[in-house]
Amino acid sequence: EQRMRRALELAPDNAGNSGNLANLLANVRKDYGEAERLYRRGLELAPDTAAHAGNFGAFLLARNRPDEAEPLLRRAWDLVEGVTSQATAEILLNLTALAIRRGEDATPYFGHMKSLLAAGFGRSPWQFEGLNQWAEQQLGADQAEHLRRVGDAVLDEAQLADLAHEPWWQAIEAVPVNEPLPAAD
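Rules behind the numbers
- Residues numbered from 1 in each chain as written.
- Predicted model: local features only at pLDDT ≥ 70, side-chain atom pairs only at ≥ 80, totals over all residues.
- Heavy atoms only, no water.
- Helix = DSSP H or I, 4+ residues; strand = E, 2+ residues; numbered from the N terminus.
- Buried < 20%, exposed > 50% of the residue type's maximum accessible area, 1.4 Å probe, protein only.
- Axes fitted to C-alpha atoms, helices over the stretch in contact; angles between N-to-C directions.
- Parallel < 35°, antiparallel > 145°, perpendicular 65-115°, else oblique.
- Left-handed = near helix turned anticlockwise from the far one by under 90°.
- Contact = heavy atoms within 4.5 Å.
- Nonpolar A, V, L, I, M, F, W, Y, C, P; charged D, E, K, R; others polar.
- 1 Å grid on protein atoms, 1.4 Å probe; cavity = no way out; pocket = protein on both sides within 12 Å on 5 of 7 lines; lining within 4 Å.
- Points joined across faces, edges and corners; volume = space filled by probe spheres on them.
- Salt bridge = Lys/Arg side-chain N within 4 Å of Asp/Glu carboxyl O.
- Polar contact = N/O pair within 3.5 Å; in protein donor to acceptor, adjacent residues only side chain to side chain.

Visitor: Any chance you could explain unusual backbone geometry here in plain terms?
Guide: Trans peptide bonds make up the majority, and among non-glycine residues the majority have a negative phi. Despite not being glycine, N64 shows a phi value in the positive range, around 60 degrees. Looking at where N64 falls in the secondary structure, it is placed in the loop between α4 (50-62) and α5 (66-80). You will see that E81, though not glycine, has its phi angle at about 50 degrees, which is positive. Here E81 lies in the loop between α5 and α6 (86-101). Overall, the relative accessible area of 65% leaves E81 in the exposed class.

Visitor: How should I be thinking about the packing of α4 against α5 in this particular structure?
Guide: Pairs of packed helices are described in terms of their axes, by the angle between the two and the distance that separates them. Remark: α4 packs on α5, axes separated minimally by 8 Å, with the N-to-C direction vectors making an angle of 155 degrees. Relative to α5, α4 is oriented roughly antiparallel. As α4 runs across α5, the sense of the crossing is left-handed. Note on element contacts: α5 touches α4 through P66, E68, A69, L72, L73, A76, L79 and V80, opposite A50, A53, G54, F56, G57, A58, L60 and L61. Partitioned by chemical class, the residues of the contact of α4 with α5 number 13 nonpolar, two polar and one charged.

Visitor: Is there a simple way to think about the layout of surface pockets in this case?
Guide: It is a probe the size of a water molecule, rolled over the atoms, that shows where empty space is left. There is about 410 Å³ of room inside the largest pocket. As for the largest pocket, its lining consists of 27 residues, and the residues nearest its centre are N27, A58, F59, W126 and Q127. Of all the secondary structure elements, the ones that give two or more residues to the lining of the largest pocket are α2 (15-29), α3 (32-45), α4, α6 and α8 (129-138). The element best represented in the lining of the largest pocket is α4, accounting for eight residues. Of the residues contributing to the lining of the largest pocket, the split by class is 15 nonpolar, eight polar and four charged.

Visitor: I would appreciate a short explanation of the pattern of salt bridges in the present structure.
Guide: Once their charged atoms are close, side chains differing in charge can pair, the charge on each being opposite to the other. Scanning all chains against the criterion turns up 14 salt bridges. Salt-bridge contacts for R65 lead to E36; the nearest nitrogen and oxygen are separated by 2.9 Å. Of the two residues, R65 is situated in the loop between α4 and α5 and E36 in helix α3; the sequence distance between them amounts to 29 residues. Classification of E36 by relative accessible area gives buried; the value is 16%.

Visitor: Where do I start with the side chain of R149 in this structure?
Guide: Position of R149 relative to the elements: it lies in helix α9 (residues 141-155). Only 2.6 Å separates the side chain of R149 from the side chain of E166, close enough to count as a polar contact. Excluding residues within four positions of it along the chain, R149 makes contact with D162, L163 and E166.

Here you go:
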């Protein structure tokens, strides 16, 4: 944390420094007030960066502010332009949760995720603790479990084999990542 704060002090207009410290404060320190301030600053400095919009959107969703989260997550989705990456999968997982919460058919979202996971991408350390807790409180048990299982596969390729044995996942038709998502209601 000290190094991140020092980097921000040395380069206060570096959006990455703001975003990195915001992630640490939100996910490790649980200092949500300062994390939100830094997420907003990072987005102000780099409004066309999917990582900033996606991370701030995920943060807001975990804080049970879905109406604020969705435009940021949709913007992040548009900015990744169908790139096959863990960041794209993270954005999509949050958008899937929002669709389920609205009572939409989440099949198209899971179909996009199926294509992303099949294409493969490099994984880096991350967690979905906030999303999983939100899903347990806001969604039905089955939907929350489905999101958790898909999230596990996003973070760990070894989890794909287990997911592939799930009947609900087998029933999902893959949708190309560059196909548009359903429009928000």
